[in-house]
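A closer look at the structure
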Amino acid sequence: MKFSVDKHDKYVTLKLKESKFTNDNAPGLKSELYLLNAEGFNNIIVDLSQVKECNDAQDLSCLLVGDRLCKSAGGLFIVTGINDELASIIELSNIFQSVTFVNTLAEATDFIFMDELEKEFRGAK
């Protein structure tokens, strides 16, 4: 599975560099999400902008793992870069009811920084 990881102070971006999201590469993404969470990253952005095809909604279930890990650590799990084909599979699977999806990477980072500011104002951190 090909991907890049870009670590920042408040979040990490994991960019999948595959044209297809399949049951061959979904376990690798799931493992990386566990590793990043174990390293202390509670805000994770997954960029799927290079993914053009996904034939089975079951393959997307690893995104639910990332969402659960981040929420249990008090953070956010955000997916960005969804094309029309992925959007239809996501809609059919109802995964959008749990996972946060935004259009761009910039929106995802803004979302995380706004959440962190809100936590600071409320005294959560």
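A short tour of the structure in this document, coming up. Please read these numbers as outputs of a predicted model, since none were measured by experiment.

The rules we used
- Residues numbered from 1 in each chain as written.
- Predicted model: local features only at pLDDT ≥ 70, side-chain atom pairs only at ≥ 80, totals over all residues.
- Heavy atoms only, no water.
- Helix = DSSP H or I, 4+ residues; strand = E, 2+ residues; numbered from the N terminus.
- Rg over C-alpha atoms; globule rule 2.2 N^0.38 Å.
- Buried < 20%, exposed > 50% of the residue type's maximum accessible area, 1.4 Å probe, protein only.
- Contact = heavy atoms within 4.5 Å.
- Areas by Shrake-Rupley, 256 points an atom, 1.4 Å probe, with all protein chains shown as cover.
- Lys, Arg positive; Asp, Glu negative; His and termini not counted.
- Charge placed at Lys NZ, Arg CZ, Asp CG, Glu CD.
- Core = buried A, V, L, I, M, F, W, Y, C linked by side-chain atoms within 4.5 Å.
- Phe/Tyr/Trp six-rings, centres within 6.5 Å; stacked < 30°, edge-to-face > 60°.

**Concerning the overall build of the protein chain**
Across its full length, the protein chain holds four helices and five strands. Its helices and strands in sequence order give the protein chain the pattern β-β-α-β-α-β-α-β-α, from N to C terminus. Here the protein chain has a C-alpha radius of gyration of 14 Å; the compact-globule value for 125 residues is 14 Å, and the two agree. Reported as C-alpha extents along the three principal axes, the dimensions of the protein chain are approximately 45 × 25 × 20 Å. In the protein chain, which comprises 125 residues, the proportion classed as buried is 40%. Considering only residue pairs separated by 6 or more positions, the protein chain has 72% of its internal contacts joining residues 24 or more positions apart. Per element, the accessible surface of the protein chain, about 6800 Å² overall, is 49% carbon and sulfur. For the protein chain, the distance from the average site of its 13 positive side-chain charges to the average site of its 20 negative ones is 4 Å.

**Here we look at the nonpolar core**
Soluble globular proteins tend to bury their nonpolar side chains together. In terms of nonpolar packing, the biggest core is built from 27 residues, with F21, I44, V46, L48, L60, L63 and F77 touching the most fellow members. It is helix α2 (residues 61-72) that provides the largest number of residues to this core, a total of five residues. The contacts of L60, once residues within four sequence positions are left out, are F21, C54, I89, I90 and I95.

**So, the packing of aromatic side chains**
For the structure shown, the criterion picks out one aromatic pair. Between the aromatic rings of Y11 and F113, the centroid separation amounts to 5.9 Å while the plane-to-plane angle is 90 degrees, which identifies the pairing as edge-to-face. Within this pair, whereas Y11 is found in the loop between β1 (3-7) and β2 (12-16), its partner F113 is found in helix α4 (residues 105-122), the two being separated by 102 residues in sequence. The class for F113 is partly exposed, based on a relative accessible area of 38%.

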